[in-house]
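# Structural description and commentary
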Amino acid sequence: MKVLVAMDEFNGIISSYQANRYVEEAVASQIEKADIVQVPLFNGRHELMDSVFLWQSGTKYRVVAHDADMNEVEAVYGITDNGMTIIEGNLFLKGQRPIIERTSYGLGEIILDAIENGAEHLIISLGAIGSFDGGAGMLQALGAKFYDDEAQEIDVTQGSRVLKYIRRIDVSQVNPKLKDMRIQLMSDFDSKLYGKNSEIMQTYENYQISHQEAAEVDNLIWYLSEMFKAELKIALGPIQRGGAGGGIAAVLNGLYDAEIMTSNELVDQITHLESLIQQADLIIFGEGVNEQDQILETTTVRLAELATKYNKPSIAICATDDKFDLFESMGVTAMFNTFIEMPQSFTDFKMGIQIRHYTVQAIKLLKTQFDVNQ
């Protein structure tokens, strides 16, 4: 019996890998000859690097780069044996300074280092990073120059607060290899580069800043987009999900035609998920992702769709009841909620035990044969 196990993270309490292990152990305890395949999942904010390197072999590189406050930190990125370069921005691009002073410079440093290591296909996760500078810092690290009205170079590592001084943008010295690279950007947050639906205007309360402070940053990024339009003839505003990473997505899409993808699209691409579900006899999946953090659909919804499409028995184990009705309407065989409301604190061990418990009970029911007409 082939069992596909694909658990997403549980609200930072337990990782996809850990959750998969508890489910795998539960399945093995109930089905003697189970052929279990684990699919490590990731989303726009967590676990891209770890999940990909559980699925594929490759090399990880440790380099010194800058965080969003321009402090030197150790950053890690990886290149898989089949040529994918994995960069998870939230692992190093964090900041404590005021939002208006943070920079994306460190991401540009990592991209340059990857290019020196022969990268040709970049996959960059933009969720939960700490910069909101429209990608200007990243571009400076890559070789772009910004000038004021006196033709003096502007150091945009000072954050979005200096964007208003830009009068000319020169990208002629940006590493030319970027033009020939395949660039894929991952974000599960639906936002535009600027305006009421920009990332900063939708999330400013999470950063403990006021609406007025968020609007100031938003206006500065709008101004940068106007400079792109005037200087480079590139319109960044209309780009769908261009606000990801504080505007990094729009800039890389506009300059290098980068693909902006959701996590479930990337999971499909990397793991060939549909083929795995076709081969499975049973699918066990689930998540504890905070609904407030995920505007777009997570991979669990894709799993439910595919399980129904191929008429496969499926068990969903989730941390809350947010998706219970959705999964039921999609034809999932059975749903279990580990909590009615997610607790503020919970250990990974307790979470794992609960996931294991529900898995065991669900399989016991599946193994039971009885006549409902008696």
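Before reading further, recall that the structure is shown in the block above.
None of these values were measured; they are calculated from a predicted model.

### Some details on the side chain of Thr157
- Checked against the element boundaries, Thr157 lands in the loop between β7 (145-147) and β8 (168-170).
- A polar atom in the side chain of Thr157 sits 2.7 Å from the side chain of Asp155.
- Among residues more than four places away in sequence, those in contact with Thr157 are Met70, Glu101, Thr103, Tyr105 and Gln140.

### Concerning the packing of aromatic side chains
- The final tally for this structure, using the stated rule, is four aromatic pairs.
- Relative to Tyr207, the ring of Phe132 has its centre 5.4 Å away and its plane inclined at 85°; by these criteria the two rings are edge-to-face. Of this pair, Phe132 sits in the loop between β6 (121-125) and α4 (136-142) while Tyr207 sits in the loop between α5 (199-203) and α6 (211-232), and the two are 75 residues apart along the sequence.
- Taking the relative accessible area as the measure of exposure, Phe132 reaches 1% and is therefore buried.
- Pairing Phe336 with Tyr358 gives two aromatic rings, centres 5.8 Å apart and planes at 45°, and the pair type is tilted. On the criterion of sequence distance, the pair formed by Phe336 in strand β13 (residues 334-337) and Tyr358 in helix α12 (residues 348-367) is long-range, its members being 22 residues apart.
- You can call Phe336 buried: its relative accessible area is 19%.
- Judged by its relative accessible area of 22%, Tyr358 is partly exposed.

### What about the environment of Gln361?
- Along the polypeptide, Gln361 turns up in helix α12.
- Classification of Gln361 as partly exposed rests on a relative accessible area of 31%.
- Considered as a pair, Gln361 and Lys229 are 132 residues apart in the sequence and their alpha carbons are 59 Å apart.

### Examining the environment of Ile154
- If you trace the backbone, Ile154 turns up in the loop between β7 and β8.
- A C-alpha to C-alpha distance of 43 Å links Ile154 and Asp8, two positions 146 residues apart in sequence.
- Residues in contact with Ile154, not counting those within four places in the same chain, are Gln140, Phe146, Tyr147, Asp148, Val162, Tyr165 and Ile166.

### Remarks on the pattern of salt bridges
- Following the criterion strictly, the structure yields eleven salt bridges and no others.
- Where Asp268 meets Arg302, a salt bridge forms, and the shortest distance between an N and an O atom there is 2.9 Å. Of the two residues, Asp268 sits in helix α8 (residues 263-271) while Arg302 sits in helix α10 (residues 299-309), which places them 34 residues apart along the sequence.
- With relative accessibility at 21%, the residue Arg302 sits in the partly exposed group.
- Residues Glu274 and Lys309 are paired through a salt bridge, measuring 2.8 Å at the closest nitrogen-oxygen approach. Pair noted here: Glu274 is in helix α9 (residues 273-279) and Lys309 is in helix α10, with a separation of 35 residues, a long-range link.
- On the basis of relative accessible area, Glu274 is assigned to the partly exposed category, the value being 23%.
- A single network of salt bridges, built from pairs that share partners, joins Asp268, Glu274, Arg302, Glu305 and Lys309.

### Here we look at the sheet that holds strand β1 (residues 2-7)
- Strand order in the open sheet made by the five strands is β2-β1-β11-β12-β13, with parallel pairing throughout. The open sheet has two free edges, formed respectively by β2 (35-38) and β13, since each of these has just one partner strand. Looking at each pair of strands side by side, their axes are set apart by 15° on average, direction ignored.
- Here β1 runs beside strand β11 (residues 282-286); their pairing, made up of five bridges, is parallel. Across the sheet, Ala6 pairs through a bridge with Phe285, a residue of β11.
- In the packing of α12 onto the sheet, contacts are made with β1, β11, β12 (314-318) and β13, and the angle to β12 comes to roughly 155°.

Conventions adopted
Residues numbered from 1 in each chain as written. Predicted model: local features only at pLDDT ≥ 70, side-chain atom pairs only at ≥ 80, totals over all residues. Heavy atoms only, no water. Helix = DSSP H or I, 4+ residues; strand = E, 2+ residues; numbered from the N terminus. Polar contact = N/O pair within 3.5 Å; in protein donor to acceptor, adjacent residues only side chain to side chain. Contact = heavy atoms within 4.5 Å. Phe/Tyr/Trp six-rings, centres within 6.5 Å; stacked < 30°, edge-to-face > 60°. Buried < 20%, exposed > 50% of the residue type's maximum accessible area, 1.4 Å probe, protein only. Salt bridge = Lys/Arg side-chain N within 4 Å of Asp/Glu carboxyl O. Pairing = 2+ DSSP bridges. Axes fitted to C-alpha atoms, helices over the stretch in contact; angles between N-to-C directions.

Take it as geometry only, folks, not as evidence of what the structure does.
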